[in-house]
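In case you want the letters, here they are:
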Amino acid sequence: MRETTSPHRYIGEPPIDETEILLKWLNSQIFTSSDYQDVQIPTVVQNLIRDCPDSHFFLPVFQRILYAKSKQLNKVYDGNATNFLKWIESSSTHLGLLYLIFKLGQTDITLLKRTEFAIYQGFIRSIWNDIISLLMEPSYELELVLISKVLGRINLTNDLDNLIYQVVKKRIVEKIETLYCDEPVYSKLVIWLDMEIYPGFHSFVSLRNRNEFYQCINMIAKSILISRRILDSYELVDSYPKSTETLKEFNVCLAKEDQKEILVRQFINDLNTKLLIPSTNTVDIIIYYIKTIHSFLIIDHRGVLLDKVTRPIRQHLRSREDTVEKVVNGLLDKNKRTNRLIELNVQLQKITEDNFGTNSLCSLQKRTLNWEPDPVDALPDFQVGKIDDIIDSLTTIFEDSSVFINQFVNIFSRELLYTTGYDIQSTLQKLALLKAKFSNDDFSKVDIMINDIKRSKELDKDLHSNTEIGAVHGVFLSHLYWPNLPEEIPSFVLPDYLLVVLKSYEDVYTQQKRKKELRLHPQVSLATLDILIRGETKTFTVSFDKLAVINYICESKIPVVKLGILLMNLKMPLQILKSSLEFWVNEEVLVEQDGGWKVNE
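Given the structure is predicted, the values throughout are model-derived calculations rather than measurements.

Considerations on the overall build of the protein
Piece 1. Broken down by element type, the protein carries 28 helices and seven strands.
Piece 2. Relative to its full complement of 601 residues, the protein shows a buried share of 44%.
Piece 3. Considering only contacts within the protein whose residues lie at least 6 apart along the sequence, 70% involve residues at least 24 apart.
Piece 4. Of the accessible surface of the protein, which amounts to about 33500 Å², a share of 51% is contributed by carbon and sulfur atoms.

Printed below as a string of structure tokens:
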């Protein structure tokens, strides 16, 4: 510390006001933009300090200057946050030295430091984003040390914690954008947190928050990642099962109730704009519905979220006329090439009479022993067990389950009507599976139809054993229980050779079953015939209407048979005739020519 002599006085000049000298000198020492040098105290100031009986006299002087100079800090800040933080550190140290020089008491020093720090704090908050930017650089260690030191010095410890969390959040956002893809990224993100973020920042967090720091940044990472995943939730479900591992990130990261609600809203919005629209095929909707069940049970095994997001799909499927038909066909069709809903058939195939009862009992026991109340976030009509079973979930879309049973009965009826050789083994297997899944009583009509086939086989065998009646085999139906039999039996002219063998079969039946007569259903009666087409023999099994049409055209001497001629000679209903002609044209047996039809030779 050096002393300076008082300014030289010239004769005639007024005396220098000591207070003005003091203020002027302090102004040059507080909040200046130049580097602080050794303090050079003028003699006048030294005399004032020495002669002042109470140092408290200087408190308002310092306060006045601090308030006045605080409005000029923007002149000190040149946009370089690092330099400004260094300046705060130097300025605060210099002020501390001035407080000691003026022999201020501890109370006065505390008041002045509080004022000083409030000024620093206000300005630092105004350049907060610039300070955050310092820690977003790849090499941020030195800046973090400086920031921590300065903010701690001016009593912004809490703000330092907030700053660190803000920086960590921004760095996590950038990292997720770098890592993000359809594949799982959470494990990579955790490794990055463990290796870089936690070691780099945790020692600068306040002691009271340090123990929870890792948990906090992990929660931040989960929240940011899951927010990004929610935007792609529709596509991830559509990619199931390929996206299974990625969907598991929802299970790990989706914890906040508000994020669950956001997921539900986002997913339903995507459903309404991308799936539940008139142009989407019903089968595609059902396939996506099944994927949704699988996916959301991965996301939330309780099924609460699944129940919420599937309700719009169920409502939409309920409004489609072909939903029941598509679901039933999906359950019964074993052909992987033709059945896009083969998963339904696979699920049904896993069920047998024996093990279904066992599994059902085990499931009941398990649910009874491990009973839990419905989740608090579930909708009022939430039902455990109905949402996680794909078949049950589909067959309960309609309140009246009979619509599915009726469709099953119709399909079995068609299948049994057009069976050949009385081979109903496939039907019996399907029926056994359905009875295991549903109720025996639901299929009482099918049982009657199957009994008709079995009785027909025995009766036909008996008829053939007594006389030679050709290759005719009959199916004798209890017509009240067969839904696909037309109420009005259409009549048309059959080929003479067919009428002969049918009359022979009917006579033998009448002899054995007195007081009973047969009524032929030509549209559900089948004939097997071989047709030579361009040197190649093809075998067809067709109904009698199709047989009558091809037989007439083949035997006709007219080069091209017109529709009117067919109507006049076969006396067949127009719609049935057109359908038969279309069938043979599609099979390339007939060709259209000059407004008529002829054999494709």
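Notes on the environment of S92
Piece 1. As for its placement among the helices and strands, S92 is situated in helix α5 (residues 81-101).
Piece 2. Considering only alpha carbons, one finds S92 and E116, 24 residues apart in sequence, at a separation of 8.0 Å.
Piece 3. Those residues in contact with S92, other than ones at most four positions away along the chain, are E116, F117, Y120 and R153.

What about the pairing of strand β7 (residues 596-599)?
Piece 1. Sheet topology note: the strand β5 (residues 561-562)/β7 ladder contains two bridges and is antiparallel. Within the sheet, the bridge partner assigned to V561 lies in β7 and is W597.
Piece 2. Strand direction decides the pairing type here: strand β6 (residues 590-593) and β7, joined by four bridges, are antiparallel. Residue pairing across strands places E592 opposite W597, the latter belonging to β7.
Piece 3. Taking the residues between adjacent antiparallel strands as the criterion, β6 and β7 are bridged by two residues, where D594 takes a positive phi near 55°.

As for the packing of helix α10 (residues 186-201) against helix α12 (residues 213-231)
Piece 1. Close contact between α10 and α12 brings their axes to 11 Å; oriented N to C, the two are set at 140°. Classified by the angle their axes make, α10 and α12 are oblique. At the point where α10 passes α12, the crossing takes the right-handed sense. Together, Y186, L189, V190, L193, D194, I197, Y198 and F201 of α10 and F213, Y214, I217, N218, A221, K222 and L225 of α12 make up the contact between the two elements.
Piece 2. Classifying every residue of the contact of α10 with α12 by side-chain character gives twelve nonpolar, one polar and two charged.

Remarks on the pattern of salt bridges
Piece 1. In total, this model carries 23 salt bridges according to the counting rule given.
Piece 2. A salt bridge links R455 to D452; the shortest N-O distance between them is 2.7 Å. With a gap of three residues between them, R455 and D452 both fall in helix α24 (residues 444-466), about one helical turn apart.
Piece 3. Under the relative-accessibility criterion, D452 is labelled buried at 2%.

Regarding the packing of helix α3 (residues 59-70) against helix α6 (residues 106-126)
Piece 1. Packing of α3 against α6 leaves a shortest axis separation of 10 Å and a crossing angle of 5°. With respect to their mutual orientation, α3 and α6 come out roughly parallel. Taking contact as the criterion, the partners of L59, F62, Q63, L66, Y67 and S70 in α3 are, on α6, D108, L111, L112, T115 and I119.
Piece 2. Looking at the contact of α3 with α6 residue by residue, the classes come out as seven nonpolar, three polar and one charged.

Quick look at α3
Piece 1. Between the first and last C-alpha of α3 there are 16 Å, a value that for twelve residues agrees with the 16 Å anticipated at 1.5 Å per step.
Piece 2. By the burial criterion, the buried members of α3 are L59, V61, F62, I65, L66 and K69. Projected down its long axis, α3 carries its buried residues within an arc of 160°, all on one side.
Piece 3. Where α3 is buried, its residues contact α1 (18-29), α4 (73-76), α5 and α6.

Points about the pairing of strand β4 (residues 536-543)
Piece 1. With eight bridges connecting them, strand β3 (residues 526-533) and β4 associate as antiparallel partners. Within β4, the position partnered with A527 by the bridge is V542.
Piece 2. Linking β3 to β4, which pair antiparallel, is a turn of two residues; within it R534 sits at a positive phi near 50°.

A short note on the sheet that holds β5
Piece 1. The three strands lie next to each other as β5-β7-β6, forming an open sheet whose pairing is antiparallel. The open sheet terminates on both sides in strands that have one partner only, identified here as β5 and β6.
Piece 2. In the packing of helix α26 (residues 544-555) onto the sheet, contacts are made with β5, β6 and β7, and the angle to β7 comes to roughly 75°.

Considering the side chain of H521
Piece 1. Along the chain, H521 turns up in the loop between α25 (496-512) and β3.
Piece 2. Take H521: its relative accessible area is 16%, and that puts it in the buried class.
Piece 3. If we ignore the near neighbours within four places in the chain, the residues touching H521 are L485, P486 and I489.

What about the nonpolar core?
Piece 1. Within the largest apolar cluster, 144 residues are counted, with the highest numbers of intra-cluster contacts made by F62, F102, I124, L163 and F408.
Piece 2. Here this core gets ten residues from one element, more than from any other, and that element is helix α16 (residues 282-299).
Piece 3. Viewed by domain, this core spans two of them, domain 1 (18-155) and domain 2 (402-479 + 494-512), each represented by three or more residues.
Piece 4. When neighbours within four sequence positions are excluded, L163 is seen to be in contact with W128, I131, I132, L135, I147 and L151.
Piece 5. Within the second largest apolar cluster, 36 residues are counted, among which are L459, F476, V549 and W584.

Some points on the environment of D400
Piece 1. Looking at the secondary structure, you find D400 in the loop between α21 (390-395) and α22 (402-417).
Piece 2. On the basis of relative accessible area, D400 is assigned to the partly exposed category, the value being 45%.

What about helix α9 (residues 157-179)?
Piece 1. A rise of 1.5 Å per residue sets the reference length of α9, with its 23 residues, at 33 Å; its end C-alpha atoms lie 33 Å apart and thus fit the reference within 8%.
Piece 2. Within the sequence span of α9, burial applies to D159, L160, D161, L163, I164, Y165, V167, V168, R171, I172 and I176.
Piece 3. Along its buried surface, α9 packs onto α6, α7 (128-134), α8 (141-153), α10, α11 (207-210) and α12.

What counts as what
- Residues numbered from 1 in each chain as written.
- Predicted model: local features only at pLDDT ≥ 70, side-chain atom pairs only at ≥ 80, totals over all residues.
- Heavy atoms only, no water.
- Helix = DSSP H or I, 4+ residues; strand = E, 2+ residues; numbered from the N terminus.
- Buried < 20%, exposed > 50% of the residue type's maximum accessible area, 1.4 Å probe, protein only.
- Contact = heavy atoms within 4.5 Å.
- Areas by Shrake-Rupley, 256 points an atom, 1.4 Å probe, with all protein chains shown as cover.
- Pairing = 2+ DSSP bridges.
- Axes fitted to C-alpha atoms, helices over the stretch in contact; angles between N-to-C directions.
- Parallel < 35°, antiparallel > 145°, perpendicular 65-115°, else oblique.
- Left-handed = near helix turned anticlockwise from the far one by under 90°.
- Nonpolar A, V, L, I, M, F, W, Y, C, P; charged D, E, K, R; others polar.
- Salt bridge = Lys/Arg side-chain N within 4 Å of Asp/Glu carboxyl O.
- Expected span 1.5 Å × (residues − 1).
- Arc of directions from axis to C-beta.
- Core = buried A, V, L, I, M, F, W, Y, C linked by side-chain atoms within 4.5 Å.
- Domains from an automatic or database assignment.

Without other data, these values stay purely geometric and don't point to any function.
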